[in-house]
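Listed below are the residues making up each chain.
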Amino acid sequence: MLLPLLVVFQMTTMPDVEVIKTGPTLQIGDQLGPNFDKAMFQASGFSGLNTGTSMLMNSFILGIGFAVGKIVIGMMAAYAIVYFRLRFATLAFWIIFTTLLLPLEVRILPSYEVIQKLGMLNTYQGLIIPLIASATATFFFRQYYRSVPEELVEAARIDGAGPIKFFIDILVPLSRTMIAAMFIIMFVFGWNQYLWPTMITTEEDMFTLVRGIKQITQVLEGNNVPEYGRANMLAIIAIIPPVFVVIFFQSWFVKGLTESDK
C-alpha cells in the first residue's frame, strides 16, 4: 500500500525531464523544495489564479461543506422518519434508501441543468448544495435514533421539551460519535470529488486540488514538458488532509459504527 506513495514522493524530488527519460527510480533528487514552491504558490493555466493554495482552500470548502450539509440533512430526515407519526414514513425511507443505487453519473445532466438555470455555476453553492442530500447519512442516523430508549423520549416529553428542543439538546449531543463517523466518510467522499467539480467549475480560481492535478498532467503540447513533479507534489498534499481527519476522528469513528445500545 505504501509503495505507490513512495514512488510518487520519489518523483517529486526529480526534474521533470529525468522523470520522462528514466521513469521512477530509487534515486532521490534535489527538486523537492522547488516542486513544493511551484505546487503551492506558482499559478498555472491561462488566468494565473489557480495556485495550489487556492485549490487547497477550494477543496477544504467543498469537503467541509459537503460533510456538514449531508450530516445536517441526514439527521433531520432521520429524526422526522423515526419520531414523527408520518403516513408512509417507512415507504419514504426506503425510497430514500434506494437512491444509493443511483450513482452521481445518472443524475449529473439534470443536476447541471438546474444549477445552470439558477446561476450557480462557478460558485461554492453550486459545488455543495446539489450533493448534500444523503441516503447513507439518513440510514445510519435512523438506525442510531431507533436505539435511543423510549424512556428518554418520554422523560423529555414530561419535562416539556418540544420536538426542536429534544432534537437539539438531547439527540444531537447523543449523536456525537455518529456525527464524527459520518464526517469522516462524507469529508473524504467530498474531498475526492472529480466529476461534479469538473462540470460545475470552468473558472480556474474555483478549481479543486483533484481537478487541478488532472489539468497539470494534461499539459503535453509542442515542446512543453508535463510537470510531473508539481502534479505529484499536489497529489501528496491532497492525501494529507483526509489522513489527518481519519486519524483525529478514528476512535469516534469506531464508536459511531459499533455502538448501538445507548
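Above: the structure in question.
Residues numbered from 1 in each chain as written. Predicted model: local features only at pLDDT ≥ 70, side-chain atom pairs only at ≥ 80, totals over all residues. Heavy atoms only, no water.

Novice: What should I look at first to understand the overall build of the protein in this one?
Specialist: In terms of regular secondary structure, the protein is built from 15 helices and zero strands. Dimensions of the protein along its principal axes, counting C-alpha atoms only, are 75 × 45 × 30 Å. Of all 262 residues assigned to the protein, the portion counted as buried reaches 39%. For the protein, the computed accessible surface area is about 14900 Å², with 68% contributed by carbon and sulfur atoms. Separation between the mean location of the 17 positive side-chain charges and that of the 18 negative ones in the protein comes to 9 Å. (Helix = DSSP H or I, 4+ residues; strand = E, 2+ residues; numbered from the N terminus. Buried < 20%, exposed > 50% of the residue type's maximum accessible area, 1.4 Å probe, protein only. Areas by Shrake-Rupley, 256 points an atom, 1.4 Å probe, with all protein chains shown as cover. Lys, Arg positive; Asp, Glu negative; His and termini not counted. Charge placed at Lys NZ, Arg CZ, Asp CG, Glu CD.)

Novice: Explain the pattern of salt bridges here, please?
Specialist: A side chain with one charge can pair with a side chain of the opposite charge if their charged atoms come near. All chains considered together, the criterion is met by four salt bridges. Linking Lys21 and Glu18 is a salt bridge whose minimum nitrogen-to-oxygen distance equals 4.0 Å. Here the residue Lys21 and the residue Glu18 both occupy positions in helix H2 (residues 16-22), the gap between them amounting to three residues, near one helical turn. According to the relative accessible area criterion, Lys21 is exposed, its value standing at 61%. A relative accessible area of 29% means that Glu18 is categorised as partly exposed. Notably, a salt bridge pairs Asp169 with Lys165, separated by 2.8 Å at the nearest N-O pair. Here the residue Asp169 and the residue Lys165 both occupy positions in helix H10 (residues 163-174), the gap between them amounting to four residues, near one helical turn. With relative accessibility at 43%, the residue Asp169 sits in the partly exposed group. (Salt bridge = Lys/Arg side-chain N within 4 Å of Asp/Glu carboxyl O.)

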